[in-house]
Amino acid sequence: MAEVAAAAAVAFVPSRRGWPRWLVGPLLAIAATVLALSVGRYPLPAWETLRFIAATLRLVDIEPDRYALLYNLIVEIRLPRVLAAILVGASLSVSGAAYQALFRNPLVSPGLLGVLAGASAGAALGIILGGNWLLVQACAFLTGLAAVGIGVGIAHLFGGGSLVMLILGGILSGALFTSLLSVVKYLADPYNQLPAIVYWLMGSLGQVNLADMGWAALPMTGGIVLLCFLGRALDALAMGDDEAQALGVPVKAVRLVTIATATLVSALTVSIAGMIGWIGLIVPHIARLLVGPGNARLLPAAASLGAAFLLFADGLARNLFATELPIGIVTELLGIPVFLLVLSRVRRGWSQ
Amino acid sequence: MIEARDVRFAYRGRPVLVGASLSLAPGELVCLLGANGAGKSTLLKVMLGLLSPPGGAVLLDGRHLADWGRREVAKRVAYVPQVHAAPFPYSVREIVLMGRMPANGLFKAPTVSDRAAADRVIERLGIGHLAARSYTEISGGERQLTLIARAMAQEARLLVMDEPMAGLDFGNQLRLLERLDGLVEDGYGVLMTTHDPDQALGGCNRVAMLIDGRIAADGDPISVLTTAAIERLYGVRVELLRAAGGAALAFRPQARSHAC
């Protein structure tokens, strides 16, 4: 993990022009992936993980016993969790960056339209309805979508779908589901269900299995890639609706697709890993420092840095203490100093 | 050539335009005058296709605006908004490159020739030294030039500007007017709204006045900008200062008669 920290520190050092800064995100993500596959209760040296990957690609030979052991450790135990960290981190970061452009506000995060509040309430409901993991996931996902649907619906019923009404609709919908979450907590059995809800809301990648990743990986990857392709359109939208439209951009369609995609991937992150805060707010800022505000580069950079960031946070969550920390706590604690560092590095200012 | 014919528009039942007609052709600089809230910006947005009027028609090169594709419109008519603050520190060059979007579509990255085209218009407007600077840290006049450069990068021949002079200091206003004159000489058509009748008097080929939702007068500045028209437009009494040769120079408030 120390290498990742060092690499992250390097990423903050302003460098000379011409240096391909967009490479930092992907390289960090790859390094973090290899490290995350190596560390754990049975630590492997990073070169052994690399050798295993090479062997899987039939580039080198490892004796079968050793290969089977490594396969169990790396693929069956660690890979689902690493994949989840990559996809959840990338989803939240790219959604946050897209929302910041869409709402023309650098302080916006993916939960703006109520998806996280909705998914939390849904998950809590799932827990008191029986606590079956699949039920919890389905409830979280569906109420996440429903919350955004309500927020967007309010905006269209009362304000013609303007940006301000979208934000207000999201706030209302978020408040509604936050209070529903309180209702569910109040109704929950205080000895088993309530602690389960509380732990679930702190976020964890610990319950992820390969089957989960099997159904979630495709829509999440698709959503992340789709958002990355919308970068140029989002640049135009960040200048204002009229200007974007006068540049030939179908503003309403782009906005709808962005919100729908960001909602889908964000709701899936809550289904898989619970509430993981801060990452969707701060990673876009780190990415902006690195590659500038142009969304065509910013969104892929945010996705890869988000993956690296969450891998790093999950590494801390798993390995810092004998018992695992909820990852939501780690991202929050880690997020505050990182955000301060970013603030001190922002020279050109976001707005005037 | 873009032409609004008998356009009507209302915001939530409050009529703003009740049969306004205005045209813009390449090679002319048209000033649109009107009191606050008269609907100048609304008329511009209708002519740009940003608002679709429930009554009347907007024709671009003889065809209904709605029948053109959005990108096709953007290659012919460009919008230069009022100077604003951008929420993110895009560089001047990045913003000008956005002008290549109508040609490239949403997904295609700007090519080397797009970059060259952007740099050419940036040089031409005299803001080459700002190309790498962030839009958030340059002055209002420089931002206005950046937005005009973006419109030129669209390769549209018609530029529709919403109060391009607002917020610019006197020197920047004169410099901008000079640049607009240069563009018009090169065959661009410019339609701009302004609050300053003197600017219209000195700087435009044509002046249109928007009063009560209609274009009340449209023609060369000298015949349109009479003291009576200014009084009707703004509800203030003015007199016209003339040079020794009789050429109209500027309006100023009418001297109060001391009756008491």
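Rules used throughout
- Residues numbered from 1 in each chain as written.
- Chains lettered and ligands numbered in written order.
- Predicted model: local features only at pLDDT ≥ 70, side-chain atom pairs only at ≥ 80, totals over all residues.
- Helix = DSSP H or I, 4+ residues; strand = E, 2+ residues; numbered from the N terminus.
- Rg over C-alpha atoms; globule rule 2.2 N^0.38 Å.
- Buried ≥ 20, exposed ≤ 12 C-beta atoms within 10 Å, placed from the backbone.
- Contact = placed C-beta atoms within 7 Å.
- Nonpolar A, V, L, I, M, F, W, Y, C, P; charged D, E, K, R; others polar.
- pLDDT = per-residue confidence, 0-100.
- Pairing = 2+ DSSP bridges.
- Core = buried A, V, L, I, M, F, W, Y, C linked by C-beta atoms within 7 Å.
- Axes fitted to C-alpha atoms, helices over the stretch in contact; angles between N-to-C directions.
- Parallel < 35°, antiparallel > 145°, perpendicular 65-115°, else oblique.
- Left-handed = near helix turned anticlockwise from the far one by under 90°.
- Right-handed = clockwise from strand over helix to strand, strands pointing away.

Participant: How should I be thinking about the overall build of chain B in this particular structure?
Facilitator: Counting its secondary structure elements, chain B contains ten helices and twelve strands. Relative to its length of 260 residues, chain B is compact, with a C-alpha radius of gyration of 19 Å against a globular reference of 18 Å. Dimensions of chain B along its principal axes, counting C-alpha atoms only, are 70 × 40 × 35 Å. Per-residue burial over chain B gives 47% buried out of 260 residues. Considering only intrachain contacts with a sequence separation of at least 6, the fraction spanning at least 24 residues in chain B is 66%.

Participant: What is the right way to read the overall build of chain A from this model?
Facilitator: For chain A, the helix and strand inventory stands at 15 helices and zero strands. At 20 Å, chain A has a C-alpha radius of gyration in line with the 20 Å of a compact globule built from 352 residues. Along the three orthogonal principal directions, the C-alpha set of chain A runs to about 65 × 60 × 35 Å. Within chain A, buried positions represent 51% of all 352 residues. Taking all contacts inside chain A whose residues are at least 6 apart in sequence as the whole, residues at least 24 apart take part in 74%.

Participant: I tried to follow the interface of chain B and chain A on my own but got confused; where do I start?
Facilitator: As a measure of interface size, the accessible area lost when the parts come together is often cited. Between chain B and chain A, the contact holds 26 residues from the first and 27 residues from the second. When residues of the side of chain B that touches chain A are traced back to their parent elements, those giving at least two are α1 (40-48), α2 (70-76), β6 (77-80) and α4 (101-104) of chain B. Looking at which element gives the most residues to the side of chain B that touches chain A, the answer is α2 of chain B, with three residues. Residues belonging to the side of chain B that touches chain A are distributed by class as follows: 18 nonpolar, three polar and five charged.

Participant: Any chance you could explain unusual backbone geometry here in plain terms?
Facilitator: The bulk of non-glycine residues show a negative phi, and the bulk of peptide bonds are trans. A positive phi angle, close to 75°, is found at Trp278 of chain A, a residue other than glycine. The phi dihedral of Asp212 of chain B falls on the positive side, at around 50°, and the residue is not glycine.

Participant: How should the confidence of the model for chain B be read in this particular structure?
Facilitator: Atomic detail in the predicted coordinates should be set aside for any region of low pLDDT. In this model, chain B carries a mean pLDDT of 89, and residues with pLDDT of at least 70 account for 98%. Reported for the predicted complex are a pTM of 0.88 and an ipTM of 0.88.

Participant: Which parts of the structure should I look at to understand the pairing of β6 of chain B?
Facilitator: Regular strands place their side chains on alternate faces of the sheet. Residues and elements named next belong to chain B. Residues Val77 and Tyr79 of β6 are buried on one face, and the alternating residues Ala78 and Val80, pointing to the opposite face, are buried as well. Where β6 meets strand β7 (residues 158-161), four bridges bridge the pair, whose relative direction is parallel. Bridging across to β7, Val77 finds its partner in Leu158.

Participant: What exactly am I supposed to notice about helix α10 (residues 231-238) of chain A here?
Facilitator: Because the α-helix completes a turn every 3.6 residues, residues three or four places apart line up on one side. By the criterion of burial, α10 of chain A is predominantly enclosed, with eight of the eight residues buried. Every buried residue belonging to α10 of chain A is among Gly231, Arg232, Ala233, Leu234, Asp235, Ala236, Leu237 and Ala238 of chain A, and all of these are buried. For α10 of chain A, the secondary structure elements touched by its buried residues are α4 (64-102), α9 (210-229), α11 (241-246), α12 (251-273) and α14 (295-319) of chain A together with α4 of chain B. Two residues or fewer past α10 of chain A, Gly240 of chain A is found with a positive phi of approximately 130°.

Participant: Hey, could you run me through the nonpolar core in this one?
Facilitator: Nonpolar side chains in soluble globular proteins generally cluster together in the buried interior. Ala98 of chain A together with Val160 of chain B are the most contacted members of the largest nonpolar core, which has 196 residues in total. With 18 residues, the top contributor of residues to this core is α4 of chain A. Setting aside residues no more than four positions away along its own chain, Ala98 of chain A makes contact with Leu227, Leu230, Leu234, Thr258, Ala262 and Leu299 of chain A.

Participant: Looking at this model, I keep getting lost on the environment of Ile215 of chain B. Mind explaining?
Facilitator: By the secondary structure assignment, Ile215 of chain B is in strand β10 (residues 214-219). Setting aside chain neighbours within four positions, we find Ile215 of chain B in contact with Ala20, Ser21, Leu22, Ala208, Met209 and Leu210 of chain B.

Participant: How do you make sense of the packing of helix α13 (residues 279-291) of chain A against α14 of chain A when you look at a structure like this?
Facilitator: The description of two helices packed together rests on the angle between their axes and the distance between the axes. Residue and element names in this part refer to chain A. The geometry of α13 relative to α14 is characterised by a closest axis approach of 8 Å and an angle of 125° between their N-to-C directions. Between α13 and α14, the angle is such that the two are oblique. The element α13 and its partner α14 pack so that their crossing is right-handed. Here Ile279, Val283, Pro284, Ile286, Ala287, Arg288, Leu290 and Val291 of α13 come into contact with α14, specifically with Arg297, Leu298, Ala301, Ala302, Leu305, Gly306, Phe309 and Leu310. The residue makeup of the contact of α13 with α14, split by class, is 13 nonpolar, one polar and two charged.

Participant: Just checking my understanding: could you explain the packing of α4 of chain A against α13 of chain A for this structure?
Facilitator: All names here are of chain A. Closest axis-to-axis distance for the α4/α13 pair is 7 Å, and the angle between their directions is 75°. Judged on the interaxial angle alone, α13 and α4 are roughly perpendicular. Two secondary-structure elements touch here, α4 through Gly89, Leu92, Ser93, Ser95, Gly96, Ala97 and Gln100 and α13 through Ile279, Gly280, Leu281, Val283, Pro284 and Ala287. Taken together, the residues that form the contact of α4 with α13 break down as seven nonpolar, six polar and no charged.

Participant: Can you help me understand the sheet that holds strand β2 (residues 14-24) of chain B in this one?
Facilitator: Either a parallel or an antiparallel arrangement is found when strands of a sheet pair, and the pairing is made through backbone hydrogen bonds. Residue and element names in this part refer to chain B. Spatial strand order, β2-β1-β4-β5: four strands in an open sheet with antiparallel pairing. Two strands lie at the open edges of the sheet, namely β2 and β5 (63-64), each paired on one side alone. Here strand β1 (residues 2-11) runs beside strand β4 (residues 55-60); their pairing, made up of five bridges, is antiparallel. Across the sheet, residue Ile2 finds its bridge partner in β4, namely Leu60. The strands touched by α1 within the sheet are β1, β2 and β4, with β1 carrying the most contacts at an inclination of about 125°.

Participant: I'm lost on the sheet that holds strand β3 (residues 29-34) of chain B in this one. Help?
Facilitator: All names here are of chain B. Read from one edge of the open sheet, six strands run β6-β7-β8-β3-β9-β10, paired in mixed fashion. Of all strands in the sheet, those with a lone pairing partner are β6 and β10, marking the two edges. For this sheet, the mean inter-axis angle between neighbouring strands, taken without regard to orientation, is 20°. The sheet contacts of helix α6 (residues 140-153) involve β6 and β7, and relative to β6 the element is tilted by about 170°.

Participant: Hey, could you run me through the confidence of the model for chain A in this one?
Facilitator: Model confidence for chain A is summarised by a mean pLDDT of 87, while 93% of its residues fall at 70 or above. For residues 1-16 of chain A, every residue scores under 50 in pLDDT, and the model assigns this stretch 19 contacts once sequence neighbours within four places are set aside.

Participant: Sorry, what's going on with the pairing of β7 of chain B here?
Facilitator: Residue and element names in this part refer to chain B. In β7, alternate side chains face the same way, and those of Leu158 and Val160 on one face and Leu159 and Met161 on the other are all buried. Note: β7 against strand β8 (residues 189-194), four bridges, orientation parallel. Within β8, the position partnered with Met161 by the bridge is Met192. The handedness of the β7 to β8 crossover, carried by helix α7 (residues 170-185), is right-handed.

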